[in-house]
Amino acid sequence: MILVTGGAGFIGANFVLDWLASNRGPVVNLDKLTYAGNLENLAALKDDPRHIFVRGDIGDAALIEKLLQQYQPRAIVNFAAESHVDRSIHGPEDFVQTNVLGTFHLLEAVRAYWSGLAEEQRAAFRFLHVSTDEVYGSLGPNDAAFTETTPYAPNSPYSASKAASDHLVRAYHHTYGLPVLTTNCSNNYGSYQFPEKLIPLIILNALNGKPLPIYGDGLNVRDWLYVGDHCSAIRAVLEQGRVGETYNIGGCNEMANIDVVKTVCALLDELKPATQPYAALIIYVKDRAGHDRRYAIDARKIESELKWRPSETFETGIRKTVQWYLENQSWVAHVVSGEYQGWLAKNYGGGRT
Ligand code: NAD
Ligand code: DAU
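Note that this is a predicted model, so its numbers are computed, not measured.

S.K.: So what exactly am I meant to see when it comes to the site of ligand 1 here?
M.R.: Taken together, 28 residues are adjacent to ligand 1, and I11, D31, S83, Y158 and K162 come closest. Interatomic distance of 2.8 Å between a backbone N/O atom of I11 and an oxygen atom of ligand 1. Contact distances for ligand 1 include 3.4 Å between an oxygen atom and a backbone N or O atom of L33. Contributing elements (two or more residues each) for the shell around ligand 1: α1 (10-21), β5 (126-132), α6 (157-176) and β7 (187-189).

Have a look at this one:
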């Protein structure tokens, strides 16, 4: 049994689905079901007794203690977080609440549980904290990629809150000996991603004939990793990672935003042709405040120590992703509800997108 938090969100749901598909044992899935959490992501597990869903907050220590005592998990994988940079700019408080205080309360409950385990279980127990490359800050065009020893320099309220949570996790290992692992991954894309994030936003806007908003000059660079490859990396770290270590995870796929958007447009031109090329919908809009210029991941540690490699290239992964959104229009129809419309109006101003 493992406890996954945030397993109704984009990466967490992909992780739970992959975990159960590969028969690794049952999962307790704790998720608050914020706007980003969606039980439809887990619809395939509706009648699966190996999946126990609990609606709740990682900041609710009493609930966590109860779940830990009841299910006695051998590991926790912590995905639960507020995850969207733009939302953190409009309203940082939820990010501090969940990412900092929530992680703290979760760690406290886990420490109490872990301290009471028998010697053998204590040694085998793992707390894996899923974090981001954004904690390292922004790179110039010729800077070397982020390694695990790059100093933290978070620039947004989101990345600052994730950095704080990483520090707490590290401190719980150093001070209490809690067997922790931390992963810092680059931008994910794939099925079930909420359409506030660049790639699904572009796919859905394009299909609806709406403008495709590019922040600033469109030359900000991100490293893109297919979500299934992030999940396989987390499994590798959980099973073989060295306790107390952090592992950077990336796809070796650095791309400027404008090129990502043009690639998506070209795929849609092929798979769902419209009267004009989708790229004609591209517009440049006001830049994100404090927008990090470039992220790049040096993944040599996980590759050499754990023999992990991504299995998808950007070309294969983005094709699968576009196809998934085209084939899952009912999922799309359900997520673009009232809250989502409110978010578009707030971030992009009225009806432009
Ligand atoms: P997401 O926003 O899609 O999902 C987050 C999930 O956490 C949702 O299901 C939400 O309901 C749940 N949640 C939020 N607050 C909670 C709370 N207080 N208690 C319990 N559940 C709560 O996010 P995602 O993109 O799937 O990201 C998952 C994790 O991976 C996050 O920690 C994020 O920082 C990290 N990460 C994301 C990316 C990426 O590209 N998306 C890359 C690297 C790391
Ligand atoms: O790097 C890992 C991070 O990747 C994760 O930790 C975050 O949880 C995840 O949201 C993601 O953060 P980004 O800010 O990089 O992702 P987003 O999809 O919001 O934006 C990707 C790039 O595209 C970024 O440079 C901003 C730009 N962008 C985004 C949106 C939503 C646009 O140009 N237009 C847009 O409308």
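S.K.: In this structure, what is going on with the side chain of R294? I would like to understand it.
M.R.: Mapped onto the secondary structure, R294 falls in the loop between β12 (282-285) and α10 (300-306). Polar side-chain contacts of R294 include one of 2.7 Å to the backbone oxygen of G140. For R294, the contacting residues outside a window of four places in its chain are G137, S138, L139, G140, P141, N142, D143, F146, V221, R222 and E254.

S.K.: Help me understand the pairing of strand β8 (residues 212-215) in this model?
M.R.: Look at any regular strand and the pattern is simple: side chains alternate between the two faces of the sheet. Because side chains alternate across β8, one face comprises the buried residues L212 and I214, and the other comprises P213 and Y215, equally buried. Sheet analysis places β8 next to β12, joined by 4 bridges and oriented parallel. Looking across to β12, one finds that P213 is bridged to I283.

S.K.: So what exactly am I meant to see when it comes to the site of ligand 2 here?
M.R.: Residues in close proximity to ligand 2 total 25 residues, the closest being T132, D133, Y158, R288 and Y348. In this structure, N257 approaches ligand 2 through a side-chain N or O atom, which is 2.9 Å from an oxygen atom. Y348 is positioned such that a nitrogen or oxygen atom in its side chain is 2.6 Å from an oxygen atom of ligand 2. In isolation ligand 2 exposes 690 Å². Once the protein is present, 95% of that is buried. Elements supplying a minimum of two residues to the shell around ligand 2: α3 (85-90), α7 (198-207) and β8. Counting residues per element, the shell around ligand 2 draws most heavily on β8, at 3 residues. Grouping the amino acids of the shell around ligand 2 by side-chain chemistry returns 10 nonpolar, 8 polar and 7 charged.

S.K.: Can you help me understand the pattern of salt bridges in this one?
M.R.: It is possible for side chains of opposite charge to pair when their charged atoms get near one another. Inspection of every chain in the model, using the stated rule, returns 17 salt bridges. In this structure, E196 engages K197 in a salt bridge whose closest nitrogen and oxygen atoms are separated by 3.5 Å. For E196, a relative accessible area of 2% gives the class buried. Residues K320 and E312 are paired through a salt bridge, measuring 2.5 Å at the closest nitrogen-oxygen approach. On the accessibility criterion, K320 (42% relative accessible area) is partly exposed. Here the residues in one salt-bridge network are R87, E196, K197 and E339, joined through shared partners.

Rules and cut-offs
- Residues numbered from 1 in each chain as written.
- Chains lettered and ligands numbered in written order.
- Predicted model: local features only at pLDDT ≥ 70, side-chain atom pairs only at ≥ 80, totals over all residues.
- Heavy atoms only, no water.
- Near = heavy atom within 4 Å.
- Polar contact = N/O pair within 3.5 Å; in protein donor to acceptor, adjacent residues only side chain to side chain.
- Helix = DSSP H or I, 4+ residues; strand = E, 2+ residues; numbered from the N terminus.
- Contact = heavy atoms within 4.5 Å.
- Buried < 20%, exposed > 50% of the residue type's maximum accessible area, 1.4 Å probe, protein only.
- Pairing = 2+ DSSP bridges.
- Areas by Shrake-Rupley, 256 points an atom, 1.4 Å probe, with all protein chains shown as cover.
- Nonpolar A, V, L, I, M, F, W, Y, C, P; charged D, E, K, R; others polar.
- Salt bridge = Lys/Arg side-chain N within 4 Å of Asp/Glu carboxyl O.

Fair warning: the whole summary comes from geometry, so function is off the table for now.
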